[in-house]
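# Breakdown of the fold
Here's the letter readout for the chains.
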Amino acid sequence: MQVKHFLFATFYLPLAFAAPYETRIFEAGTTFTAPEVYGTWALAPFVGTSPPDLTYIKTSNTGTGSVEVHVASGSSSYKTRIQEVATTFGEENYGTWQLADYDGDNKLDLIYIKTSNTSTGYVEVHVASGSSTYNTRVLETATTFVEENNGQWQMIDFDGDGKLDLVYIKDKDAGTGTVEVHVASGASNYQTRIQEVGTTFGEESNGVWQIVNYKNSGKLDLAYIKTQNTGTDKVEVHIASGSSVYKTRVQEVPTTFGEETDGTWQLIDYNGDGILDLVFIKTSNTGTGDVEVHVATGAS
């Protein structure tokens, strides 16, 4: 696989005739050597420009004994590292790590949603500020959720009030027998739940669940990137609309990617066209020997 030679040149058909997620617009190795599987990978707007940057929150086997944040710039096609720092957190992986702007200063903060082995018995949210280069904690609080690991956690501004809310997408052992979306508001310091609903999806954990702004309707949507046990033998993208409270599916398509689990999947607007693209950060078993970034356009 000569992924380093593809980049933006691999267009087989005009985008107008291609289905969403069928055309790859970027494929390249990065500055990080594979395999590197000791933490959380994501594309995120670290410097605030397009394309987004490649972030790696390394939570174990670090050189410093602390959780570390490493960032390679999107402008360098992920060849140049622009951040490599130790943080206030000791090595730990009892939950979900994420970079997001918690305090509204346009810098990504380091968020740790601790879901087990907490001191309070509840899911906890811990935040270290980006302005302190992740050395000062600006939030440490228990939430309305008791410790639980039956799904995926995410911080996002769900209700549009400018504060990050805590989302729990429960994909197994749910009371409704379906995937459920539970949300605790940031305005209540994660003590009040503002959404608790079953969805159109039966319980399933063969991929990645994500709350995204797919339809631009003012309501955030529920996306399921199914990476294995698909009916098409391809990675599939399924989306239920927020306007239907996750009862109506507005997208169900196979993608250009065969079933694969050697990395991290996400939906993000990669090229700044306002449409969510499908990103695969391949962290092991790569053809280049490096961590690779692969992007399929959401445009059709």
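Criteria and cut-off values
The residue numbering used here restarts from 1 in each chain and proceeds along that chain's sequence as written. The predicted origin of the model limits local features to residues at a pLDDT of at least 70 and limits the giving and counting of side-chain atom pairs to 80 or more, whereas totals for whole chains, interfaces and linings rest on all residues. To get the side-chain values, take all heavy atoms of the structure and skip hydrogens and water. Note: two strands are recorded as paired if DSSP finds a minimum of 2 bridges between them. Helix numbers and strand numbers start at the N terminus; a helix is a DSSP run of H or I with at least 4 residues, a strand a run of E with at least 2. The axes used here are C-alpha line fits, helices contributing only the stretch in contact, and every angle between their N-to-C directions lies in the interval 0 to 180 degrees. For this analysis, a salt bridge means a side-chain nitrogen from Lys or Arg found within 4 Å of a carboxyl oxygen belonging to Asp or Glu. For every residue, the predictor assigns a confidence score, pLDDT, that lies between 0 and 100. Any pair of residues with heavy atoms lying within 4.5 Å of one another is described as a contacting pair. In summary, the pairing rule links any two rings of Phe, Tyr or Trp, Trp by its six-membered ring, whose centres are within 6.5 Å, and it sorts them by plane angle into stacked for under 30 degrees, edge-to-face for over 60 and tilted for everything else. For every residue, the accessible area (1.4 Å probe, protein chains only) is compared with the maximum for its type, and the residue is labelled buried under 20%, exposed over 50%, or partly exposed between those bounds.

## What to know about the sheet that holds strand E17 (residues 249–258)
- What the four strands build is an open sheet, ordered E14-E15-E16-E17; its pairing is antiparallel. Looking at the sheet topology across the chains shown, the edges are occupied by strand E14 (207–212) and E17. Each neighbouring strand pair of the sheet contributes to a mean axis angle of 15 degrees, computed without reference to strand direction.
- Pairing geometry for strand E16 (residues 234–240) and E17, over six bridges, is antiparallel. Bridging from a neighbouring strand, Ile 239 pairs with Gln 251 of E17.

## Quick look at the pattern of salt bridges
- This model, assessed by the stated rule, comprises 11 salt bridges.
- Between Glu 92 and Lys 114 there is a salt bridge, with its nearest N and O atoms 2.6 Å apart. Of this pair, Glu 92 sits in the loop between strand E5 (81–90) and strand E6 (95–100) while Lys 114 sits in strand E7 (residues 109–114), and the two are 22 residues apart along the sequence.
- Linking Glu 204 and Lys 226 is a salt bridge whose minimum nitrogen-to-oxygen distance equals 2.6 Å. One end of the pair, Glu 204, is in the loop between strand E13 (193–202) and E14; the other, Lys 226, is in strand E15 (residues 221–226), with 22 residues separating them in the sequence.

## Re the sheet that holds strand E9 (residues 137–146)
- Here four strands make up an open sheet; going across it, the order is E6-E7-E8-E9 and the pairing antiparallel. Where the open sheet ends on each side, the last strands, each with one partner, are E6 and E9. For this sheet, the mean inter-axis angle between neighbouring strands, taken without regard to orientation, is 15 degrees.
- In the sheet, E6 pairs with E7 via six bridges, with the strands oriented antiparallel.

## Brief notes about the confidence of the model for the protein chain
- Averaged over the protein chain, the pLDDT score is 94; the fraction of residues at 70 or greater is 94%.
- A low-confidence stretch, residues 1–16 stays under pLDDT 50, and its non-local contacts, those more than four residues away or across chains, total 29 contacts.

## Overview of the packing of aromatic side chains
- Within this structure, the stated rule accounts for 17 aromatic pairs.
- Seen in terms of ring centroids, Phe 32 and Tyr 56 are 6.2 Å apart; in terms of plane orientation they differ by 75 degrees. Their pairing is edge-to-face. Taken together, the residues Phe 32 in strand E1 (residues 24–33) and Tyr 56 in strand E3 (residues 53–58) connect sequence positions 24 residues apart.
- Since its relative accessible area comes to 2%, Tyr 56 is described here as buried.
- Taking the centre distance of 6.1 Å and the plane angle of 75 degrees together, the rings of Phe 89 and Tyr 112 count as edge-to-face. Here Phe 89, found in strand E5, pairs with Tyr 112, found in strand E7; they are 23 residues apart in sequence, far enough to count as distant.
- Judged by its relative accessible area of 3%, Phe 89 is buried.

## Description of unusual backbone geometry
- With an omega of -5 degrees, the peptide bond running from Ala 34 to Pro 35 counts as cis.
- With respect to the element layout, Pro 35 can be found in the loop between E1 and strand E2 (39–44).
- Here the bond from Ser 50 into Pro 51 is cis, since omega is 0 degrees, no more than 30 degrees from zero.
- For Pro 51, the location among the structural elements is in the loop between E2 and E3.
- Despite not being glycine, Tyr 134 shows a phi value in the positive range, around 70 degrees.
- Relative to the helices and strands, Tyr 134 is located in the loop between strand E8 (122–128) and E9.
- Although it is not a glycine, Asn 229 adopts a positive phi angle of roughly 55 degrees.

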